[in-house]
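Okay, here's what each chain looks like letter by letter:
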Protein chains: 2
Amino acid sequence: MGQNLTIRVDPKGDRPPSEQIAAQVRFAIAAGVLEPGARLPSVRQLAVEALVNPNTVGKVWRDLEREGVLESRPGDGVFVAVAAPELCKEARDRELTARLGAWVNDARSAGLEERELRELFERALAPRRLRRVGERS
Amino acid sequence: MGQNLTIRVDPKGDRPPSEQIAAQVRFAIAAGVLEPGARLPSVRQLAVEALVNPNTVGKVWRDLEREGVLESRPGDGVFVAVAAPELCKEARDRELTARLGAWVNDARSAGLEERELRELFERALAPRRLRRVGERS
DNA sequence: TGGGCCGTCCTATCGTCCTAGGACAGTCGA
DNA sequence: TCGACTGTCCTAGGACGATAGGACGGCCCA
């Protein structure tokens, strides 16, 4: 594994580009795609790839450094910190739990029963796959 | 059932107040809390309750009228349209499906296995115990 | 040593959304 | 008819984030 990282930004998304980039970097580290010591793309390079302003990328690098996820060496580049995987896994679990909790909350307030929640969940897990009877969970 | 409607707005939420109000109204209609013909609170009254500007509420009422969910009678009030439940149930299912799909997508890209997704889901349905994802007991 | 890349910082500008306050016409009941 | 309500519309302003462009010093290597 290592420097295989592609950042995709939707400028019209409901979350600002800087947050989208930060989330994707954190998830890549949590997933092990980016390991401690790995070099991240330069602000100018990623800005071209993701079609955003270099300042936007720079802001993300600085924010993530303050979190302890990245390590910036001016004149050299930014790198994944040693403690990053731990931090990112925690942040990932926190965020995914919160989002799913909000989803369940909203779905219930919209009048859906638990059975319907499970149905939607199974469909989300296998959107284009027919469920097989007795499939092992 | 009927006029039992409380709107809660988080001014610091990631979604703007107008969308929060619109979503809650749509969900209430889909859930049957608001039935066709029911009167909604006036822009000024709801603005006080939800701590937002009357213009913000007015914008929501107008947007929902363009969707066919509400019916505005100037000088009288706004009311739930006849076709609203159908529209809102469709919108609800569409939104919940999209959000859950994005969640599954994100969780997978963050390195979580299907088993862990199911764990998180079960915990979100019944948040009794607190245990980290993938932690061995 | 010089050139090229690196992150950082600064100011200014733009767009979007909500806020603010006022003005208007329609509706209803006393 | 009058007054109190209703939704609608208008302009102005502020908060926030992204954008734009430039300038600075650090690092590496030919």
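Everything that follows concerns the structure shown earlier in this document.
Keep in mind that what you see is a predicted model, and the values were worked out from it rather than measured.

Engineer: Would you take a moment to explain the protein's contact with DNA strand C for this structure?
Structural biologist: By nearness alone, 23 residues border DNA strand C, and Ser 72 of chain A together with Pro 16, Ser 18, Asn 55 and Thr 56 of chain B come closest of all. The protein-proximal atoms of DNA strand C, defined as those within 4 Å of the protein, are 62% sugar or phosphate. In this structure, a base oxygen belonging to DNA strand C sits 3.3 Å away from a main-chain N or O atom of Gly 75 of chain A. Separating a base nitrogen of DNA strand C from a backbone N or O atom of Gly 75 of chain B is a distance of 3.1 Å. Mapped onto the surface near DNA strand C, the elements with two or more residues apiece are α2 (43-50), α3 (54-67) and β2 (77-80) of chain A together with α1 (17-31) and α3 (54-67) of chain B. Residue composition of the surface near DNA strand C, by class: 8 nonpolar, 10 polar and 5 charged.

Engineer: Any chance you could explain the interface of chain B and chain A here in plain terms?
Structural biologist: When the parts of a complex come together, some accessible area is lost, and that lost area is often used as the size of the interface. Each partner contributes residues to the interface: chain B has 28 residues there, and chain A has 29 residues. Among the residues of chain B in contact with chain A, Trp 103, Phe 121 and Leu 125 of chain B are the three that bury the most area, contributing 22% of the side total. At the boundary of chain B and chain A, one finds 4 salt bridges. Viewed at the interface, chain A and chain B are joined by 10 residue pairs in polar contact (both at pLDDT 80 or more). Elements that contribute at least two residues to the side of chain B that touches chain A include exactly α1, α4 (84-109) and α5 (114-125) of chain B. Per-element accounting of the side of chain B that touches chain A gives the leading share, 12 residues, to α4 of chain B. For the side of chain B that touches chain A, the residue count by class is 17 nonpolar, 3 polar and 8 charged.

Engineer: What exactly am I supposed to notice about the pattern of salt bridges here?
Structural biologist: Side-chain pairing between opposite charges can occur once the charged atoms of the two side chains come close. In the structure shown here, the tally under the stated rule is 32 salt bridges over all chains. The partner of Arg 108 of chain A in a salt bridge is Glu 114 of chain A, with the nearest N and O atoms 3.6 Å apart. What makes Arg 108 of chain A partly exposed here is its relative accessible area of 38%. A salt bridge links Arg 123 of chain A to Glu 119 of chain A, with the nearest nitrogen and oxygen atoms 3.2 Å apart. Pair noted here: Arg 123 of chain A and Glu 119 of chain A are both in helix α5 (residues 114-125), with a separation of 4 residues, about one helical turn. Connected through salt bridges with shared partners, the residues Arg 15, Glu 19, Glu 95 and Arg 99 of chain A together with Asp 106 of chain B form a single ionic network.

Engineer: Explain the layout of surface pockets to me, please; I cannot follow it from the model alone.
Structural biologist: Once rolled over the atoms, a probe with the size of a water molecule shows which space is left empty. The computed volume of the largest pocket comes to approximately 1900 Å³. Lining the largest pocket we find 49 residues, and of these Asp 14, Arg 15 and Arg 99 of chain A together with Asp 14 and Ala 102 of chain B sit closest to its centre. Of all elements in the fold, only α1 (17-31) and α4 (84-109) of chain A together with α1 and α4 of chain B reach the threshold of two or more residues within the lining of the largest pocket. Sorting elements by how many residues they give to the lining of the largest pocket places α4 of chain B first, with 10 residues. Classifying every residue of the lining of the largest pocket by side-chain character gives 20 nonpolar, 13 polar and 16 charged. Reported here for the second largest pocket is a volume of approximately 350 Å³. Residue lining of the second largest pocket: 19 residues in total, with Ser 42, Val 43, Arg 44, Trp 61 and Val 78 of chain A positioned closest to the centre. Sorting the residues of the lining of the second largest pocket by element identifies α2, α3, β1 (70-73) and β2 of chain A as the ones contributing at least two each. With 6 residues, the top contributor of residues to the lining of the second largest pocket is α3 of chain A.

Engineer: Mind showing me how you'd approach the relation of the copies chain B and chain A here?
Structural biologist: The relation between the two copies of this chain is a rotation about an axis and a shift parallel to it. For the match of chain B to chain A, the screw axis carries a shift of 0.1 Å, the RMSD comes to 0.1 Å, and the turn is 180 degrees. These values place the two chain copies in the arrangement generated by a two-fold rotation axis. Comparing interface residues between copies, 93% of those in chain B also sit at the interface in chain A, which points to an isologous, same-surface contact.

Engineer: Could you clarify how one ought to interpret the pairing of strand β2 (residues 77-80) of chain B in this entry?
Structural biologist: Looking down a regular strand, the side chains alternate between one sheet face and the other. Residues and elements named next belong to chain B. Taken together, the 4 bridges between strand β1 (residues 70-73) and β2 define a ladder with antiparallel strand orientation. Looking at the pairing, Ser 72 lines up with Val 78 of β2. Between β1 and β2, which pair antiparallel one after the other, the connecting turn spans 3 residues, and Gly 75 there sits at a positive phi close to 90 degrees.

Engineer: How should I be thinking about the environment of Asn 53 of chain B in this particular structure?
Structural biologist: Residues and elements named next belong to chain B. Mapped onto the elements, Asn 53 comes out in the loop between α2 (43-50) and α3. Separated by 36 residues in the primary sequence, Asn 53 and Pro 17 have C-alpha atoms spaced 9.7 Å apart. Among the polar contacts listed, one links the side chain of Asn 53 to the backbone nitrogen of Asn 55, at a separation of 2.8 Å.

Engineer: Is there a simple way to explain a negative patch on the surface in this structure?
Structural biologist: Together, Asp 10 and Asp 14 of chain A together with Asp 10 and Asp 14 of chain B line one region of the surface with negative charge. Inspection of the secondary structure assignment puts Asp 14 of chain B in the segment before α1.

Definitions and cut-offs
Numbers given to residues run from 1 along each chain, matching the order in which its sequence is written. Ligands are numbered from 1 and chains lettered from A, in the order in which they are written. With the structure being a predicted model, the display of local features is reserved for residues of pLDDT at least 70 and the display and counting of side-chain atom pairs for 80 or more, all residues being used for whole-chain, interface and lining totals. Hydrogens and water are ignored here; the side-chain numbers use all heavy atoms of the structure. Note on terminology: near, applied to a residue and a molecule or strand, indicates that one of the residue's heavy atoms is within 4 Å of it. Distance and chemistry together define a polar contact, namely a pair of N or O atoms within 3.5 Å, with one atom able to donate a hydrogen and the other to accept it when in protein, and with adjacent residues in sequence counting only for side-chain atoms on both sides. Only DSSP runs of H or I with at least four residues qualify as helices, and only runs of E with at least two residues qualify as strands; both kinds are numbered from the N terminus onward. Gly is put with the polar residues, along with every residue not named as nonpolar or charged; the nonpolar set is Ala, Val, Leu, Ile, Met, Phe, Trp, Tyr, Cys and Pro, and the charged set is Asp, Glu, Lys and Arg. It only takes one pair of heavy atoms within 4.5 Å for two residues to be counted as in contact. Buried area counts how much accessible surface, traced with a 1.4 Å probe, disappears from two parts once they are put together, with both parts' losses summed. Salt bridges are defined as contacts in which a side-chain nitrogen from Lys or Arg sits within 4 Å of a carboxyl oxygen from Asp or Glu. Exposure categories follow from relative accessible area, calculated using a 1.4 Å probe and restricted to protein chains: below 20% of the type maximum is buried, above 50% is exposed, and the middle band is partly exposed. For cavity detection a 1 Å grid was placed over the protein atoms alone, and a set of points counts as a cavity when a 1.4 Å probe fits there but cannot get out; an open set counts as a pocket when protein lies on both sides within 12 Å along at least five of seven lines, with lining residues being those that have an atom within 4 Å of a point. Grid points are joined across faces, edges and corners, and a volume is the space filled by probe spheres set on the points. We place the copies in one frame by least squares, fitting the C-alpha atoms of every residue whose pLDDT is at least 70 in both. When DSSP finds two or more bridges between a pair of strands, those strands are recorded as paired. For patch detection, residues must exceed 30% relative accessible area and be free of salt bridges, and they are connected within 9 Å for like charges or within 5 Å for nonpolar side chains (Val, Leu, Ile, Met, Phe, Trp, Tyr). Residue burial considers only the protein chains on display, and all accessible areas are found by Shrake-Rupley using a 1.4 Å probe. The charge count treats Lys and Arg as positive and Asp and Glu as negative. His and the chain ends do not count. By convention, the charge on Lys lies at NZ, on Arg at CZ, on Asp at CG and on Glu at CD.

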